[in-house]
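The lines below spell out each chain.
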Amino acid sequence: DLLQQAMNGQTSSLFKTVREDAGLAYYTGMYSMRGLQRGMIAFFAGTKPKSVDQVIRLIREEQFRLAEKGLNRDGFEDAKSCIQFSIAEQQQKPGALIFNSALAEYYGNGYQQPWHRNEIFRDLTLNKANRVIKKYMDVPAIITVVAGPKN
């Protein structure tokens, strides 16, 4: 959740590198899916067909940078604050709490996990986060999918 928050938005290093500095994409981002089985982390960008190879190279460079250096202090703190705000909003909605409680129980985390998410993120340090980021960014298995016209 933290990495996803940090990689989406106009202040992310991915956005700055691919869109602002290189001018190669209309949008960039990252999302993750997880559950009982192995999940995935996906980077994405909307670009012109002629820029695809350059964008893929820059996204991979960002992945390798994350594996080596992780998030910086500002990116970490900003993402953490956004998530904590989101958690506070979620805790105001009974339906969201019930839904997330059922999922947490199903995943084996206990039905009370949604009530403890704020504590989890409050106690999270930059070093801990970067260790986990390194684990998932420092992988040899990369699949690239390109959708759209060739030219």
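For the structure itself, look to the data block above.
Note that the structure is predicted; figures quoted are calculated from it, not measured.

Draft legend 1. How the structure looks around the pairing of strand β2 (residues 40–47). Both strand β1 (residues 25–33) and β2 contribute to a ladder of 8 bridges, which runs antiparallel. Each bridged residue has a counterpart across the sheet, and for M33 the counterpart in β2 is M40. Hairpin connection from β1 to β2: 6 residues lie between these consecutive antiparallel strands.

Draft legend 2. Examining the pattern of salt bridges more closely. Tallying each qualifying case throughout the model produces 7 salt bridges. The closest approach of N and O atoms between R65 and E62, which form a salt bridge, is 2.8 Å. Taken as a pair, R65 and E62 lie in helix α3 (residues 52–69) at a separation of 3 residues, close to a single helical turn. Owing to a relative accessible area of 28%, R65 belongs among the partly exposed residues under this scheme. For K134, the salt bridge identified is with D138, shortest N-O distance 3.4 Å.

Draft legend 3. Expanded view of helix α5 (residues 94–106). If you check α5, its first and last C-alpha atoms are 18 Å apart, about what 13 residues at 1.5 Å a residue would give, namely 18 Å. On the buried face of α5, the contacting elements are α4 (73–90) and α6 (113–123).

Draft legend 4. Molecular detail of the nonpolar core. In this structure, L2, L3, M7, F43, L66 and L71 are the most contacted members of the largest nonpolar core, which totals 25 residues. At 5 residues, α3 tops the list of elements feeding residues into this core. When residues no more than four places from it in sequence are discounted, the contact partners of L66 are L3, M7, F43, L71, I133 and M137.

Draft legend 5. Here's a closer look at the side chain of N130. Looking at the secondary structure, you find N130 in helix α7 (residues 126–137). Within the structure, the side chain of N130 is placed 2.7 Å from the backbone nitrogen of L71, a separation counted as a polar contact. Excluding residues within four positions of it along the chain, N130 makes contact with K69, G70 and L71.

Draft legend 6. View of the packing of helix α2 (residues 13–21) against α3. In the contact formed by α2 and α3, the axes pass within 10 Å of each other and the chain directions differ by 155 degrees. Considered as vectors, α2 and α3 are oriented roughly antiparallel to each other. For the element pair α2 and α3, the recorded crossing hand is right-handed. Across from S13, L14, T17 and V18 in α2, the residues of α3 making contact are V55, L58, I59, E62 and R65.

Draft legend 7. Structural view of α2. Burial in α2 covers these residues: L14, F15 and V18. One face of α2 carries all of its buried residues, which in axial projection span an arc of 95 degrees. Buried residues along α2 sit against α1 (2–7), β1, β2 and α3. G23 sits one or two residues past α2 and shows a positive phi near 60 degrees.

Draft legend 8. Spatial organisation of the packing of aromatic side chains. All told, the structure shown has 3 aromatic pairs when counted by the stated rule. Between Y27 and F44, the ring centres sit 6.3 Å apart and the planes meet at 50 degrees, which makes this aromatic pair tilted. Of this pair, Y27 sits in strand β1 while F44 sits in strand β2, placing them 17 residues apart in sequence. With a relative accessible area of 45%, Y27 lands in the partly exposed category. Measuring from centroid to centroid gives 5.8 Å for Y106 and Y107, while their planes differ by 55 degrees, and the two rings are tilted. Given a relative accessible area of 58%, Y106 falls into the exposed group. Of the aromatic side chains, those joined through ring pairs into one cluster are Y27, Y31 and F44.

Calculation criteria
Residues numbered from 1 in each chain as written. Predicted model: local features only at pLDDT ≥ 70, side-chain atom pairs only at ≥ 80, totals over all residues. Heavy atoms only, no water. Pairing = 2+ DSSP bridges. Helix = DSSP H or I, 4+ residues; strand = E, 2+ residues; numbered from the N terminus. Salt bridge = Lys/Arg side-chain N within 4 Å of Asp/Glu carboxyl O. Buried < 20%, exposed > 50% of the residue type's maximum accessible area, 1.4 Å probe, protein only. Expected span 1.5 Å × (residues − 1). Contact = heavy atoms within 4.5 Å. Core = buried A, V, L, I, M, F, W, Y, C linked by side-chain atoms within 4.5 Å. Polar contact = N/O pair within 3.5 Å; in protein donor to acceptor, adjacent residues only side chain to side chain. Axes fitted to C-alpha atoms, helices over the stretch in contact; angles between N-to-C directions. Parallel < 35°, antiparallel > 145°, perpendicular 65-115°, else oblique. Left-handed = near helix turned anticlockwise from the far one by under 90°. Arc of directions from axis to C-beta. Phe/Tyr/Trp six-rings, centres within 6.5 Å; stacked < 30°, edge-to-face > 60°.

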